[in-house]
Amino acid sequence: MKVAVIGATGMVGEVMLKVLAERNFPITDLLLVASERSVGKKLTYRENEYTIIGLADAVAAQPDIAIFSAGGDTSLQWAPKFAEVGTTVIDNSSAWRMDPTKKLVVPEINAAQLTAKDKIIANPNCSTIQMVLALSPLHNMYQMKRVVVSTYQSVSGTGVKAVQQLENEIAGVQGEMAYPYPIGKNALPHCDVFLENGYTKEEMKLAREPQKILDDRTFSVSATAVRIPTAGGHSESVNVEFHNDFDISEVRKLLSETPGITVQDNPDTNTYPMPIYAHGKDDVFVGRIRRDETQPNTLNMWVVSDNLRKGAATNAVQIAEYLVENKLISNTPEIIS
């Protein structure tokens with residue numbers, strides 16, 4: 001495979017390279033791509049040094065797969081250019097997620113939808129991925145009616161500038177601000193930009209993306225997204241109402257048997273998911289599993305995952321693995337009408 005990583009110098013790009021190496025993805029030719037200000041710089045992958053190239057050069061090289069982690073505007077402009085030369089694009093931005101002509105994929109749930117004709121494939125929002133992975137087996141069994149989710153999101157979801165702000169505040173150093181307020185010793189109910197309906201863009205991603213991934217518009221999701229001073233790992237309090245009743249022990253069994261999920265749920269030993277434990281791991285961790293005693297057929301659970309790994313890099317690499325394993329990589333250009 002000739003593989004291009006677009007946004008290789010960013011936070012997700014760095015994790016992407018780490019995950020590709022860890023999972024021994026079959027790379028014969030690696031193209032590391034970044035913005036013009038980074039072109040010519042060097043990066044190391046598996047003890048080999050690579051020179052950063054620009055997007056135009058990467059398109060000209062016609063890679064088999066291009067994994068984008070460079071922002072929505074870049075993806076909107078350049079993903080079609082890669083598709084036109086036969087490259088399969090896996091995009092981490094929000095640019096293509098709700099495009100009805102593009103697949104939105106969590107491999108454990110809906111990779112079987114993919115075909116060789118899919119030249120631009122969307123990676124879901126990090127918060128969506130961990131939530132929907134936990135909800136999918138429960139929805140299949142009990143049929144969801146309504147989900148209420150509150151997130152507790154790491155500053156790494158904003159980017160390196162936000163991580164630096166937190167580190168500066170901890171060290172008592174004045175520096176550039178990624179947020180309108182201090183994040184240390186604080187919680188900001190403000191992830192992404194506010195929309196006309198009063199919700200943030202992040203909250204609306206959580207509302208809409210699960211319906212597309214599960215191919216089901218019969219349930220609804222209401223979200224409140226909050227930024228907290230953790231450096232790696234998103235947490236979610238998820239309340240889900242089902243049409244059908246459930247048994248708690250069966251819920252735990254269903255989740256524990258779901259690929260990609262680890263159940264950590266033992267109040268007697270203070271065992272529950274935490275970002276400090278999920279950091280650097282690929283699984284989604286689920287705990288605090290309990291019945292909502294205020295209304296029928298309703299479950300509470302706590303869901304935690306490393307937002308840079310399963311929430312971004314690992315999910316994208318898993319999509320690429322599925323494409324390779326099922327021989328869905330072809331060099332046929334996408335016909336752009």
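Up top you'll find the structure we're talking about.
Notes on the structure in this doc start here. (Residues numbered from 1 in each chain as written. Predicted model: local features only at pLDDT ≥ 70, side-chain atom pairs only at ≥ 80, totals over all residues. Heavy atoms only, no water.)

**A look at the overall build of the protein chain**
And then number 1: The helix and strand tally for the protein chain stands at 10 helices and 14 strands.
And then number 2: The C-alpha atoms of the protein chain give 20 Å as radius of gyration, which agrees with the globular expectation for 337 residues (20 Å, within 12%).
And then number 3: Taking the principal axes of its C-alpha atoms as reference, the protein chain extends roughly 60 × 50 × 40 Å.
And then number 4: Residues counted as buried form 52% of the 337 residues belonging to the protein chain.
And then number 5: Long-range pairs, those at least 24 residues apart, make up 68% of the contacts in the protein chain with a sequence separation of at least 6.
And then number 6: Carbon and sulfur atoms make up 50% of the accessible area of the protein chain, which amounts to about 15300 Å² in all.
And then number 7: Taking the average location of the 32 positive side-chain charges in the protein chain and that of its 40 negative ones, the two points are 2 Å from each other. (Helix = DSSP H or I, 4+ residues; strand = E, 2+ residues; numbered from the N terminus. Rg over C-alpha atoms; globule rule 2.2 N^0.38 Å. Buried < 20%, exposed > 50% of the residue type's maximum accessible area, 1.4 Å probe, protein only. Contact = heavy atoms within 4.5 Å. Areas by Shrake-Rupley, 256 points an atom, 1.4 Å probe, with all protein chains shown as cover. Lys, Arg positive; Asp, Glu negative; His and termini not counted. Charge placed at Lys NZ, Arg CZ, Asp CG, Glu CD.)

**Let's talk about helix H5 (residues 126–142)**
And then number 1: Helix length check: H5 (17 residues) gives 25 Å between terminal C-alpha atoms against 24 Å at 1.5 Å per residue, within 8%.
And then number 2: Along its length, H5 shows its largest kink, about 35 degrees, at Leu135, and proline Pro137 lies within four residues downstream of that point.
And then number 3: Most of H5 is tucked away: 15 of the 17 residues are buried.
And then number 4: Gln143, located one to two residues past H5, shows a positive phi value of around 65 degrees. (Expected span 1.5 Å × (residues − 1). Bend = angle between axes of the 7 residues up to and from the residue.)

**Some thoughts on the pairing of strand E4 (residues 48–51)**
And then number 1: Bridge count between strand E3 (residues 42–45) and E4: 4 bridges; the pairing is antiparallel. When the bridges of E4 are listed, Lys42 appears paired with Thr51.
And then number 2: Two successive antiparallel strands, E3 and E4, enclose a turn made up of 2 residues, where Arg46 displays a positive phi of approximately 50 degrees. (Pairing = 2+ DSSP bridges.)

**A look at the packing of H5 against helix H8 (residues 248–256)**
And then number 1: At a minimum axis separation of 9 Å, H5 and H8 run at an interaxial angle of 130 degrees. As judged from the angle between their axes, H5 and H8 are oblique. As for how H5 packs across H8, the hand of that crossing is right-handed. For the pair H5 and H8, the contacting residues are Ala134, Pro137, Leu138, Met141 and Tyr142 in the first and Glu250, Val251, Leu254 and Leu255 in the second. (Axes fitted to C-alpha atoms, helices over the stretch in contact; angles between N-to-C directions. Parallel < 35°, antiparallel > 145°, perpendicular 65-115°, else oblique. Left-handed = near helix turned anticlockwise from the far one by under 90°.)

**Some points on the pattern of salt bridges**
And then number 1: This model, assessed by the stated rule, comprises 16 salt bridges.
And then number 2: With its nearest N and O atoms 2.8 Å apart, the salt bridge here joins Glu257 to Lys253.
And then number 3: Through salt bridges with shared partners, a single ionic network connects Glu22, Arg23, Asp282, Arg309 and Glu321. (Salt bridge = Lys/Arg side-chain N within 4 Å of Asp/Glu carboxyl O.)

**Things to note about unusual backbone geometry**
And then number 1: At Gln143, a position not held by glycine, the phi torsion is positive, near 65 degrees.
And then number 2: With respect to the secondary-structure elements, Gln143 resides in the loop between H5 and strand E9 (144–153).
And then number 3: Under the relative-accessibility criterion, Gln143 is labelled partly exposed at 36%.
And then number 4: You will see that Lys327, though not glycine, has its phi angle at about 55 degrees, which is positive.
And then number 5: With respect to the element layout, Lys327 can be found in the segment after helix H10 (309–325).
And then number 6: Taking the relative accessible area as the measure of exposure, Lys327 reaches 72% and is therefore exposed.

**Quick notes on H8**
The periodicity of an α-helix, 3.6 residues per turn, causes residues three or four places apart in sequence to face the same way.
And then number 1: All buried positions along H8 are accounted for by Ile248, Val251, Leu254 and Leu255. All buried residues of H8 project into a common sector of 120 degrees when viewed along the axis, lining one side.
And then number 2: Buried residues along H8 sit in contact with H5, strand E12 (261–263), strand E13 (284–291) and strand E14 (298–305). (Arc of directions from axis to C-beta.)

**With respect to a nonpolar patch on the surface**
And then number 1: Together, Tyr272, Met274, Ile276 and Tyr277 line one region of the surface with nonpolar side chains, adding up to about 430 Å² of accessible area.
And then number 2: Mapping Met274 onto the fold places it in the loop between E12 and helix H9 (275–278).
And then number 3: Residue Met274 is classed as partly exposed on the basis of its relative accessible area, which comes to 38%. (Patch = residues over 30% accessible without salt bridge, like charges linked within 9 Å, V, L, I, M, F, W, Y side chains within 5 Å.)

Without other data, these values stay purely geometric and don't point to any function.
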